[in-house]
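Observations on the three-dimensional arrangement
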Amino acid sequence: MSARFEEIDWRPTPMGEISLRRRRHPVSGEDVYEVKLGDEYLMSSLFTAGEVELARLGLAELPDGPLDVAVGGLGLGYTARAALDDPRVRSLIVVDALADVIDWHRRGLVPLGAGLVSDPRCRLVRGDFFAMAAGSAAAGGPVPADGPPDGSAHGVAGGAGGGLDPESPGRRLHAILLDVDHSPRHVLHPGHAALYRREGLAALAELLLPGGVFALWSNDPPDAEFTSVLAEVFVETAAHVVDFDNPLQGGTAANTVYVARRRAG
């Protein structure tokens, strides 16, 4: 049996101090993994419905495969795992700004890490999703200098050249699934905000194939203003409310998953 509480890793990063913790659930006795950035909780293995639904809803309306998919934000790996569980997915790129988060998976410190790293369809890319999606020459930063110790396909740094695949600049994808910020209004870094405006979404849409899908996780209720901006760029949009049990509050909680489709022609 694990210790009641353990801080598995702690690192300073350009966005603040990030920590990976494990604690034993007092009722079930199962291990719960948590990630904190400073004093903010980013994610918990106790609440994964929204992350899983991000992949399911984002891929649901796409045609039969093979599908090429990108995920922005690795976290504990639940969105990536759900995408790989879809048999249509041929390739998956997962972009994360923090080398430490990628390292947790490579070292098997989180439950889903070994399965993601060993899946030949999956590449973990260290880079700034927001700069890469904008086609910025600054893509790949800001990131910690001490990235993965090798240049393998399971821990490469994103570079300039445009797009989310450093091995194929300008590559277009069937789906882009994003789970980094708390919501379009509550971002982890001021530099992220531009993506949620019309110009940022239009640049991201250029990375999708015709008929491709952009899906976004949010911890806030559906935002009519953001949905309106999505509709200026994409031909079909929807905001799905994902309800899930919240034993800490003795009831239910909800996330929002936005799904937007690029025009087919």
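Here goes a summary of the coordinates provided. (Residues numbered from 1 in each chain as written. Predicted model: local features only at pLDDT ≥ 70, side-chain atom pairs only at ≥ 80, totals over all residues. Heavy atoms only, no water.)

1. Points about the pairing of strand β2 (residues 16–24)
Burial analysis of β2 places seven of its nine residues in the buried class, the great majority of the element. Relative to β2, strand β1 (residues 5–13) is paired through eight bridges, and the arrangement is antiparallel. Among the inter-strand pairings, Thr13 is bridged to a residue of β2, identified as Gly16. Count of turn residues in the β1/β2 antiparallel hairpin: two residues. Relative to strand β3 (residues 31–37), β2 runs antiparallel, the two sharing seven bridges. If you follow Arg22 over to β3, its bridge partner there is Tyr33. (Buried < 20%, exposed > 50% of the residue type's maximum accessible area, 1.4 Å probe, protein only. Helix = DSSP H or I, 4+ residues; strand = E, 2+ residues; numbered from the N terminus. Pairing = 2+ DSSP bridges.)

2. Remarks on the layout of surface pockets
In this structure, the second largest pocket encloses a volume near 180 Å³. Lining the second largest pocket we find Pro184, Arg185, Ala193, Tyr196, Arg197, Asp223, Glu225, Phe226 and Val229. Residue composition of the lining of the second largest pocket, grouped by class: five nonpolar, no polar and four charged. (1 Å grid on protein atoms, 1.4 Å probe; cavity = no way out; pocket = protein on both sides within 12 Å on 5 of 7 lines; lining within 4 Å. Points joined across faces, edges and corners; volume = space filled by probe spheres on them. Nonpolar A, V, L, I, M, F, W, Y, C, P; charged D, E, K, R; others polar.)

3. Overview of helix α3 (residues 99–106)
The buried fraction of α3 is high, at seven of eight residues. Among all positions in α3, only Ala99, Asp100, Val101, Ile102, Asp103, Trp104 and His105 are buried.

4. Observations regarding the side chain of His182
The residue His182 is located in the loop between β9 (173–178) and α6 (198–205) in this model. Within the structure, the side chain of His182 is placed 2.8 Å from the side chain of Glu40, a separation counted as a polar contact. Setting aside anything within four residues of it in sequence, one finds His182 in contact with Glu40, Tyr41, Leu42, Leu188, Trp217, Ser218, Asn219 and Asp220. (Polar contact = N/O pair within 3.5 Å; in protein donor to acceptor, adjacent residues only side chain to side chain. Contact = heavy atoms within 4.5 Å.)

None of this, on its own, says anything about what the molecule does.
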